[in-house]
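Now for the letters of each chain:
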Amino acid sequence: MASSSCGSACGTVYYSAKRYITFGIITLIALILPFIKVNDNHFFLLSFDKKQLHLLFTTFDMQELYLMPFLLIILFLSIFFMTTLGGRVWCGWTCPQTIFRVIYRDLIETKLLGIRRNISNKQIPPKDGQGAKKLLAILIWSALAFIAASNFMWYFVPPEDFFTYIQNPADHPILLGFVFAIASFLIYDITSLKENFCIYVCPYARIQSVMYDEDTIQTIYDSVRGGMIYDEHGKKLWSKPPGENDECTGCEACVRVCPTHIDIRKGMQLECINCLECADACTKVMNKLGKPTLISWTSPNAIESGNKVKFVRGRTIAYGIVLTIVFALLVFMSTKKEYMLLNINRTTQLYKVQDTSIENAYTFLFQNTDRENHTYYFEVDNPAIKIERPSEPFMLEAGKKTKKIVILSTTEELVPTDRKDTPVPIKIKAFATDAKDRIVVERDAIFVYPRQSEIEKARK
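Just so it is clear, the model here is predicted, and its values are computed rather than measured.

What counts, and at which threshold
- Residues numbered from 1 in each chain as written.
- Predicted model: local features only at pLDDT ≥ 70, side-chain atom pairs only at ≥ 80, totals over all residues.
- Heavy atoms only, no water.
- 1 Å grid on protein atoms, 1.4 Å probe; cavity = no way out; pocket = protein on both sides within 12 Å on 5 of 7 lines; lining within 4 Å.
- Points joined across faces, edges and corners; volume = space filled by probe spheres on them.
- Helix = DSSP H or I, 4+ residues; strand = E, 2+ residues; numbered from the N terminus.
- Nonpolar A, V, L, I, M, F, W, Y, C, P; charged D, E, K, R; others polar.
- Phe/Tyr/Trp six-rings, centres within 6.5 Å; stacked < 30°, edge-to-face > 60°.
- Buried < 20%, exposed > 50% of the residue type's maximum accessible area, 1.4 Å probe, protein only.
- Core = buried A, V, L, I, M, F, W, Y, C linked by side-chain atoms within 4.5 Å.
- Contact = heavy atoms within 4.5 Å.
- Disulfide = S-S within 2.5 Å.
- Pairing = 2+ DSSP bridges.
- Axes fitted to C-alpha atoms, helices over the stretch in contact; angles between N-to-C directions.
- Expected span 1.5 Å × (residues − 1).
- Polar contact = N/O pair within 3.5 Å; in protein donor to acceptor, adjacent residues only side chain to side chain.
- Salt bridge = Lys/Arg side-chain N within 4 Å of Asp/Glu carboxyl O.

### Overview of empty space enclosed by the protein
If you walk through the whole model with that rule in mind, you get 3 cavities of 30 Å³ or more. Estimates place the volume of the largest cavity at around 120 Å³. Looking at the largest cavity, it is lined by 15 residues, and the ones nearest its centre are Cys248, Thr249, Cys251, Cys254 and Cys282. The greatest single-element share of the lining of the largest cavity, amounting to 3 residues, is contributed by helix α12 (residues 277-288). Counted by class, the lining of the largest cavity contains 10 nonpolar, 2 polar and 3 charged residues.

### As for the packing of aromatic side chains
Two measures describe an aromatic ring pair: the distance that separates the ring centres and the angle between the ring planes. In the structure shown here, the tally under the stated rule is 21 aromatic pairs. Ring geometry for Phe146 versus Phe180: centroids 5.2 Å apart, planes at 80°, classification edge-to-face. Taken together, the residues span a long stretch of sequence, with Phe146 in helix α5 (residues 131-153) and Phe180 in helix α7 (residues 173-193) at a distance of 34 residues. Of the residues examined, Phe146 reaches a relative accessible area of 29% and is grouped as partly exposed. The exposure class assigned to Phe180 is partly exposed, which follows from its relative accessible area of 46%. Pairing Phe366 with Phe394 gives two aromatic rings, centres 4.9 Å apart and planes at 70°, and the pair type is edge-to-face. Pair noted here: Phe366 is in strand β12 (residues 358-368) and Phe394 is in strand β15 (residues 394-396), with a separation of 28 residues, a long-range link. A relative accessible area of 8% means that Phe394 is categorised as buried. Here a set of aromatic residues connected by ring pairs shows up, and it is made of Tyr362, Phe364, Phe366, Tyr376, Tyr377, Phe378 and Phe394.

### Structural notes on the nonpolar core
Residues Phe364, Phe366, Phe378, Leu408, Ile426, Ile428 and Phe447 are the most contacted members of the largest nonpolar core, which totals 30 residues. Put simply, the parts of the chain that give this core at least two residues each are β10 (340-346), β12, β13 (374-380), β15, β16 (401-410), β17 (422-432) and β18 (440-449). If we skip the residues at most four places from it in the chain, Ile426 touches Tyr362, Val380, Asp381, Asn382, Ile385, Leu408, Arg443, Asp444, Ala445, Ile446 and Phe447. Listed in part, the 25 residues of the second largest apolar core include Tyr15, Val89, Ile217 and Ile295.

### Overview of unusual backbone geometry
The step from Arg389 to Pro390 runs through a cis peptide bond, and the omega angle for that step is 0°. Along the chain, Pro390 falls in the loop between β14 (385-389) and β15. Backbone geometry places Phe57, a non-glycine residue, at a positive phi of 65°. The class for Phe57 is partly exposed, based on a relative accessible area of 25%. Phi at Glu252 is positive, roughly 60°, even though this residue is not glycine. Looking at where Glu252 falls in the secondary structure, it is placed in the loop between β8 (236-237) and α11 (253-256). By relative accessible area, Glu252 is classed as partly exposed at 38%.

### Focus on the state of the cysteines
Applying the stated rule across the entire model yields 0 disulfides. Cys248 takes part in no disulfide bond, and the closest cysteine sulfur, belonging to Cys251, lies 6.6 Å away. Just so you know, Cys272 is unpaired, no disulfide at all, and the nearest cysteine sulfur is the one on Cys278, 6.3 Å from it. When its relative accessible area of 9% is taken as the criterion, Cys272 is described as buried.

### Thoughts on the sheet that holds β15
On the basis of which strands lie adjacent, the open sheet formed by 4 strands has the order β15-β13-β17-β18 and antiparallel pairing. Where the open sheet ends on each side, the last strands, each with one partner, are β15 and β18. The mean angle between the axes of side-by-side strands here comes to 35°, regardless of whether they run parallel or antiparallel. Sheet topology places β13 next to β15; 3 bridges connect them, and they run antiparallel. Note that in β15 the partner of His374 across the bridge is Leu396.

### Comments concerning α12
In a regular helix each residue adds 1.5 Å, so 12 residues correspond to 16 Å; α12 covers 17 Å between its end C-alpha atoms and thus fits that length. Burial within α12 is extensive, with 9 of its 12 residues counted as buried. Looking at α12, one finds that the buried residues are Glu277, Cys278, Ala279, Asp280, Ala281, Cys282, Thr283, Met286 and Asn287. In this fold, the buried residues of α12 make contact with α1 (15-32), α4 (96-112), β6 (218-221), α10 (223-226), α11 and β9 (295-298).

### What to know about the side chain of Arg225
Take Arg225: it is sitting in helix α10. There is a polar contact of 2.8 Å between the side chain of Arg225 and the backbone oxygen of Pro292. Among the polar contacts made by the side chain of Arg225, one reaches the main-chain carbonyl oxygen of Thr293 at a distance of 3.0 Å.

### As for the pattern of salt bridges
As enumerated under the stated definition, the model contains 16 salt bridges in all. Asp40 is the partner of Lys37 in a salt bridge, and the nearest nitrogen-oxygen pair spans 3.8 Å. You can call Lys37 partly exposed: its relative accessible area is 36%. We classify Asp40 as partly exposed; its relative accessible area is 48%. Measuring nitrogen to oxygen at the nearest pair gives 3.1 Å for the salt bridge that ties Glu195 to Arg101. Here Glu195, found in the loop between α7 and α8 (196-201), pairs with Arg101, found in helix α4; they are 94 residues apart in sequence, far enough to count as distant.

Printed below as a string of structure tokens:
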């Protein structure tokens, strides 16, 4: 896992270059993905406005949110798996907080405006007398913060609706309120709170250690080669008598470059976000001496044994198996989408005895969750029970709902008993008459047949 020891002339690729490429890819995906649609369906969209969930370019109505538990399970299992395998790789390589701080501190403040002296020393505050430039940096970041806030909202309000809504701000104060609130937090967080968010606010740092084992990839200082180790109180100890054989030069380049202001030579610390900037700094120094870096992205067992990192082990296999099962279930359940929803409720009256028939009344709530208009009707599996109302199919527009009062009747004696009213199980098969092979749902219901004494009493 360590970088090459032959120096920059040999083509050493530093972790920072890989991180910047990763940041760029993640940013492009986050910005572009909300605009990609397949049959008007988004890859992911949780729309409270339209009460829909779009997942993998399939639309689900809010009544089909049985998929959300699978998504949450996958989210948490992925965090556990990623942490067990790569430590805080999320924090250093994919977290928006880290990406935004790199953009503001390293790009805007240092490269663009020259407020900071250089990227390799994050311990020195910005230069004095840079008030105008600092204000300009905040303004530039504020513009980017509003773009980031809008980008976040596109996963809840699709871009095609978002840009329409903001043209009439008075009609959509909640949307604008969310955008301004998120942008304001990002401005404060990135310009003032900084890495303190990672150290004191983010809960991930508090739970990560319980998911580590001796094979978890971490940013590790080789104290045996370096010659310096510290106890838990920060007191300097020595793994061997100090002398010329100690490879650490004491340049503290790894300390100066750390965004969370820690000394990695003291061992694994809560504040370390696994950005590996210290590894790059050490690599540059040690390359000049013709030696391999003292700080690498590896595991404690790999350092101790000198072997490669053991990625495949009991815990990672277990997480992988469970993740695969849950994801397979998610894909399977998503294929079970119903393009018509049907809820059946009975009215307060159990039955009504007519001169020649027994009637039961129901309220059917139909919803067309397809992208096209359809004509609907239904059948009852019991041939002795007839549909009195509605008498013919009805049309329902795409995405619309409608309530129908349904009356079922029978002229036959379903239950020859005088002891009690009897619920007769029936199955309702509803379908789109113009797409019966594709849009069909079945629901269980009951038809209440009265006892004989009630029938005779009502017909007198």
